[in-house]
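Inside the fold
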Amino acid sequence: MADNSFSDGVPSDALEAAKNASNTEKLTDQVMQNPQVLAALQERLDNVSHTPSSYIETLPKAVKRRINALKQLQVRCAHIEAKFYEEVHDLERKYAALYQPLFDKRREFITGDVEPTDAESEWHSDSGEEEKLAGDMKNKVVLAEKEAATGEEPNPRGIPEFWFTIFRNVDMLSELVQEYDEPILKHLQDIKVKFSDPGQPMSFVLEFHFEPNDYFTNSVLTKTYKMKSEPDKADPFSFEGPEIVDCDGCAIDWKKGKNVTVKTIKKKQKHKGRGTVRTITKQVPNDSFFNFFSPLKASGDGESLDEDSEFTLASDFEIGHFFRERIVPRAVLYFTGEAIEDDDNFEEGEEGEEEELEGDEEGEDEDDADVNPKKEPSQPSECKQQ
């Protein structure tokens, strides 16, 4: 019988392998001659070469060594920047002392303890000649009314509901205020910012001063925000200045039956053995602005917060920063709404500029297209820190 496993002394499986290899080479040559395939390969190579990390990997070891030296310098720059912000905090403390006499006078005018003089009450509007004429007419009418009947116009003490009006005007705050919070906030007389003492860890305290009321015995409620102004050891390049890292509230001494941060609910319980049912009452948390003084604690000891808690804490930090940077320094403008209008106009301007830039980019990409372009912390004795 003839043996078919060999042909001229060469095994048949070796011949088959050689034949397949030849076919593969021919197919590869055909594919590489296809312009579309070559273009796709070139595009992938271009994308890889333009990725910063992949580009760094291609550099010689000597160059990578020098890049590491640059990173060392960058870390040192971050530490110098941290020192800069510490000195900024010292300046804030210094100028806060200069602002405070003006803020104290603001409180006296708001509460009615002091009546401003005519010179202090004079304000020149920038609205133009038309408003001046209207003002002259109004003055004449006022004089005539005074002659006809004096004392008819109400003259409340100070500026009623000043801070409460700010809470209503600012969306970030009004979202926290419930209907049952409103009568309490009408007793708010002042909000102050106190910066940490020299040599102490960076922080600031918000003080909410209340007149005597039917809801709690505290005259001052406080919220302390702790800050960090140093690069993170694990990620020093993420440093962008001081950040709030934790906060502490204070205990509110509620009068009996006046705590708006809890509500009483009734719940039925069934006895397992006898089958009898009884009704019990229990207190559960209630939405209120005054939960602001019982904040979540930032995670410690390596523990992590869930997503909802992280969002709540970040919102709290944002509100504290807004009180410090905007509300307290510019209170009258948030009362009148002028600061809110300025904030809205600024945001619209940013968006408009962004749209215009996008239009320019489209024009550059499509030269032949017909483009039609179209945005000091002291803890008052009245409030026990939690």
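Let me sum up the structure you'll find in this document. (Residues numbered from 1 in each chain as written. Predicted model: local features only at pLDDT ≥ 70, side-chain atom pairs only at ≥ 80, totals over all residues. Heavy atoms only, no water.)

**Section: the overall build of the protein**
We count it as follows: Strands here are runs of E lasting at least two residues and helices are runs of H or I lasting at least four, both read from the DSSP assignment and numbered beginning at the N terminus. Relative accessibility decides the category of a residue: with a 1.4 Å probe and only protein chains considered, values under 20% of the type maximum give buried, values over 50% give exposed, and everything between is partly exposed. The method behind every accessible area is Shrake-Rupley, applied with a 1.4 Å probe, and residues are considered shielded solely by the protein chains displayed.
Across its full length, the protein holds twelve helices and ten strands. Per-residue burial over the protein gives 24% buried out of 386 residues. With an accessible surface of roughly 28200 Å², the protein has 51% of that area assigned to carbon and sulfur atoms.

**Thoughts on the packing of aromatic side chains**
Two aromatic rings, taken as a pair, are described by how far apart their centres are and by the angle between their planes. For clarity, the cut-off: Ring geometry is summarised as follows: Phe, Tyr and Trp rings, the Trp one being its six-membered ring, pair when their centres sit within 6.5 Å, and such pairs are stacked at plane angles under 30 degrees, edge-to-face over 60 and tilted between the two. Whether a charge sits over a ring depends on NZ of Lys or CZ of Arg being within 6 Å of the ring centre and within 35 degrees of the ring normal.
Applying the stated rule across the entire model yields 24 aromatic pairs. Here F208 and F323 contribute two aromatic rings whose centre-to-centre distance is 5.4 Å and whose plane-to-plane angle is 85°, an arrangement assigned as edge-to-face. Taken as a pair, F208 in strand β4 (residues 203–210) and F323 in helix α10 (residues 307–327) lie far apart in primary sequence, 115 residues in all. Each member of the pair, F208 as well as F323, carries the same accessibility label: buried. The rings of F167, F208, F210, F216, W254, F289, F290, F292, F293 and F323 are connected pair by pair, giving a single aromatic cluster. A cation over an aromatic ring shows up here: K258 above the ring of Y215, its NZ or CZ 5.5 Å from the ring centre. Taking the ring centre of F204 as reference, the NZ or CZ of R324 above it sits at 4.9 Å.

**What to know about the side chain of K192**
Condition: A positive count includes Lys and Arg, and a negative count includes Asp and Glu. His and the chain ends are not counted in either. Throughout this description, the term salt bridge denotes a Lys or Arg side-chain nitrogen within 4 Å of a carboxyl oxygen of Asp or Glu. Any pair of residues with heavy atoms lying within 4.5 Å of one another is described as a contacting pair.
In this fold, K192 is placed in strand β3 (residues 188–195). One buried charged residue, K192, remains without a salt bridge, the closest side chain of opposite sign being D104 at 4.1 Å. Apart from the residues lying within four places of it in its own chain, the contact partners of K192 are Q100, D104, V205, L206, E207 and H209.

**Some thoughts on the nonpolar core**
For clarity, the cut-off: Within this scheme, the nonpolar core is defined by two criteria: the residues are buried Ala, Val, Leu, Ile, Met, Phe, Trp, Tyr or Cys, and they are joined through side-chain atoms within 4.5 Å.
In terms of nonpolar packing, the biggest core is built from 46 residues, with F167, F208, F290 and F323 touching the most fellow members. If one sorts the elements of this core by residue count, α10 sits on top with six residues. In contact with F290, other than residues within four places in its own chain, are D181, I184, L185, F210, F216, L221, I252, W254, V260 and T261.

**Describing a negative patch on the surface**
This is how the line gets drawn: Like-charged residues within 9 Å of one another, or nonpolar side chains (Val, Leu, Ile, Met, Phe, Trp, Tyr) within 5 Å, are grouped into patches, provided each residue has over 30% relative accessible area and no salt bridge. Note that the charge is assigned to NZ on lysines, CZ on arginines, CG on aspartates and CD on glutamates.
The grouping of D306, E307, D308 and E310 at the surface amounts to a negative patch. Along the polypeptide, D306 turns up in the loop between β9 (277–285) and α10.

**Details of the environment of W254**
The criterion, for reference: Whenever a nitrogen or oxygen atom comes within 3.5 Å of another N or O atom, the pair is scored as a polar contact, on the condition that within protein one atom can donate a hydrogen and the other can accept it, and that pairs from neighbouring residues in sequence are kept only if both atoms are in side chains.
Tracing the backbone shows W254 in the loop between β7 (250–251) and β8 (262–270). Separated by 38 residues in sequence, W254 and F216 place their C-alpha atoms 4.2 Å apart. Beyond its immediate chain neighbours, meaning those up to four positions away, W254 contacts I184, Y215, F216, N259, V260, T261 and F290. Reaching out from W254, the side chain makes a polar contact with the side chain of N259 at a distance of 3.2 Å.

**Remarks on the sheet that holds β3**
For clarity, the cut-off: Any two strands between which DSSP finds at least two bridges are classified as paired. Helix axes use the C-alpha atoms of the stretch in contact, all axes being lines fitted to C-alpha atoms, and the angles between their N-to-C directions lie in the range 0 to 180 degrees.
With antiparallel pairing, the four strands of this open sheet are ordered in space as β3-β4-β5-β6. Looking along the sheet, the strands with just one partner apiece sit at the ends: β3 and β6 (243–248). Each neighbouring strand pair of the sheet contributes to a mean axis angle of 20°, computed without reference to strand direction. Here strand β5 (residues 220–228) pairs with β6 via five bridges, running antiparallel. Bridged to T224 within β6 is D248. Where helix α4 (residues 61–111) meets the sheet, it contacts β3 and β4, and its direction lies at approximately 170° from that of β3. In the packing of α10 onto the sheet, the strands contacted are β3, β4, β5 and β6, and the crossing angle to β4 comes to about 75°.

**Looking at the pattern of salt bridges**
Counting across every chain of the model gives 14 salt bridges. Between D113 and R157 there is a salt bridge, with the nearest N and O atoms lying 2.8 Å from each other. In this pair, D113 sits in the loop between α4 and α5 (118–121) while R157 sits in the loop between α6 (129–148) and α7 (162–169), placing the two residues 44 residues apart along the sequence. For R157, a relative accessible area of 58% gives the class exposed. The salt bridge partner of D246 is K297, with a shortest N-O separation of 3.2 Å. A residue pair is termed long-range when its members are at least 10 positions apart, and D246 in strand β6 and K297 in the loop between β9 and α10 qualify at 51 residues. For K297, a relative accessible area of 41% puts it in the partly exposed group.

**A few points about α10**
The following threshold applies: Expected helix span is computed as 1.5 Å times (number of residues minus one).
For α10, with 21 residues, the first-to-last C-alpha span of 28 Å sits near the 30 Å given by 1.5 Å per residue. Looking only at α10, the buried set comprises S309, L313, D316, F317, I319, G320, F322, F323, R324 and I327.

**Comments concerning the environment of A97**
Here A97 is to be found in helix α4. Here A97 falls in the exposed class, since its relative accessible area comes to 51%. Taking the C-alpha atoms as reference points, A97 and F195, separated by 98 residues in sequence, lie 9.9 Å from one another.

**Examining unusual backbone geometry**
Its identity as a non-glycine residue notwithstanding, E161 has a phi of 55°, on the positive side. By the secondary structure assignment, E161 is in the loop between α6 and α7. The class of E161 is partly exposed, set by a relative accessible area of 33%.

**Some points on the environment of E230**
Relative to the assigned elements, E230 resides in the loop between β5 and β6. Distance in space between the C-alpha atoms of E230 and A78 is 7.9 Å, their sequence separation being 152 residues. If near-sequence neighbours (up to four positions away) are discounted, E230 is found in contact with A82 and F239.

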